[in-house]
Amino acid sequence: MAPLERLADKLEAPALDDRSYRVVRLPNKLEALLVHDPDTDKASAAVNVNVGSFSDADDMPGMAHAVEHLLFMGTKKVCDVHTQGTARC
């Protein structure tokens, strides 16, 4: 497997932010922002896919939205912008 391509090691961040940041390109050309926080024992990931309803074929409206739901099928808990930070999330 091809190695990661390092795109950036230094990103602009607030002066009080002690996390380190790195942008890499994976062998499949996906770009990822890595954040290292020495004060946490948790890990997380987020994905932004630059497609949406504008990518739907004319004869298949709503396909992007349907695929979005398929991504999370079987997950125990999914938070969205409406429930994040609430008791439902």
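Residues numbered from 1 in each chain as written. Predicted model: local features only at pLDDT ≥ 70, side-chain atom pairs only at ≥ 80, totals over all residues. Heavy atoms only, no water.

## Points about the overall build of the protein chain
Here comes step 1: When you go through the protein chain residue by residue, the secondary structure sums to one helix and three strands.
Here comes step 2: Sequence-ordered secondary structure for the protein chain, helices as α and strands as β, is β-β-β-α.
Here comes step 3: A total of 89 residues make up the protein chain; the buried ones form 9% of that total.
Here comes step 4: Considering only residue pairs separated by 6 or more positions, the protein chain has 5% of its internal contacts joining residues 24 or more positions apart.
Here comes step 5: Put simply, the protein chain shows about 8,400 Å² of open surface, and 56% of that area lies on carbon and sulfur atoms. (Helix = DSSP H or I, 4+ residues; strand = E, 2+ residues; numbered from the N terminus. Buried < 20%, exposed > 50% of the residue type's maximum accessible area, 1.4 Å probe, protein only. Contact = heavy atoms within 4.5 Å. Areas by Shrake-Rupley, 256 points an atom, 1.4 Å probe, with all protein chains shown as cover.)

## Considerations on the pairing of strand 3 (residues 31-36)
Here comes step 1: Where strand 2 (residues 20-25) and strand 3 come together, six bridges link them in antiparallel fashion. In the strand pairing of strand 3, Ser20 is matched with His36.
Here comes step 2: Linking strand 2 to strand 3, which pair antiparallel, is a turn of five residues; within it Lys29 sits at a positive phi near 75°. (Pairing = 2+ DSSP bridges.)

## Concerning a nonpolar patch on the surface
Here comes step 1: A cluster of nonpolar side chains, Met60, Met63, Val67, Leu70, Leu71, Phe72 and Met73, forms an exposed patch at the surface whose accessible area comes to about 710 Å².
Here comes step 2: With respect to the helices and strands, the residue Leu70 is situated in helix 1 (residues 63-71). (Patch = residues over 30% accessible without salt bridge, like charges linked within 9 Å, V, L, I, M, F, W, Y side chains within 5 Å. Salt bridge = Lys/Arg side-chain N within 4 Å of Asp/Glu carboxyl O.)

## Focus: the sheet that holds strand 2
Paired through backbone hydrogen bonds, the strands of a sheet run either parallel or antiparallel to each other.
Here comes step 1: Reading across the sheet, the three strands line up as 1-2-3 and stay open at both edges, with antiparallel pairing between neighbours. Looking at which strands have only one partner, the edges of the open sheet turn out to be strand 1 (5-8) and strand 3. Direction aside, the axes of adjacent strands within the sheet are offset by 35° on average.
Here comes step 2: Of the strand pairs in this sheet, strand 1 and strand 2 are connected by three bridges, and their pairing is antiparallel. Directly across from Arg6, in strand 2, lies its bridge partner Val24. (Axes fitted to C-alpha atoms, helices over the stretch in contact; angles between N-to-C directions.)

## Some thoughts on unusual backbone geometry
Here comes step 1: For Lys29, which is not glycine, the phi torsion reads 75° and is therefore positive.
Here comes step 2: Tracing the chain through its elements places Lys29 in the loop between strand 2 and strand 3.
Here comes step 3: In this structure Lys29 comes out as exposed when scored by relative accessible area, which is 62%.

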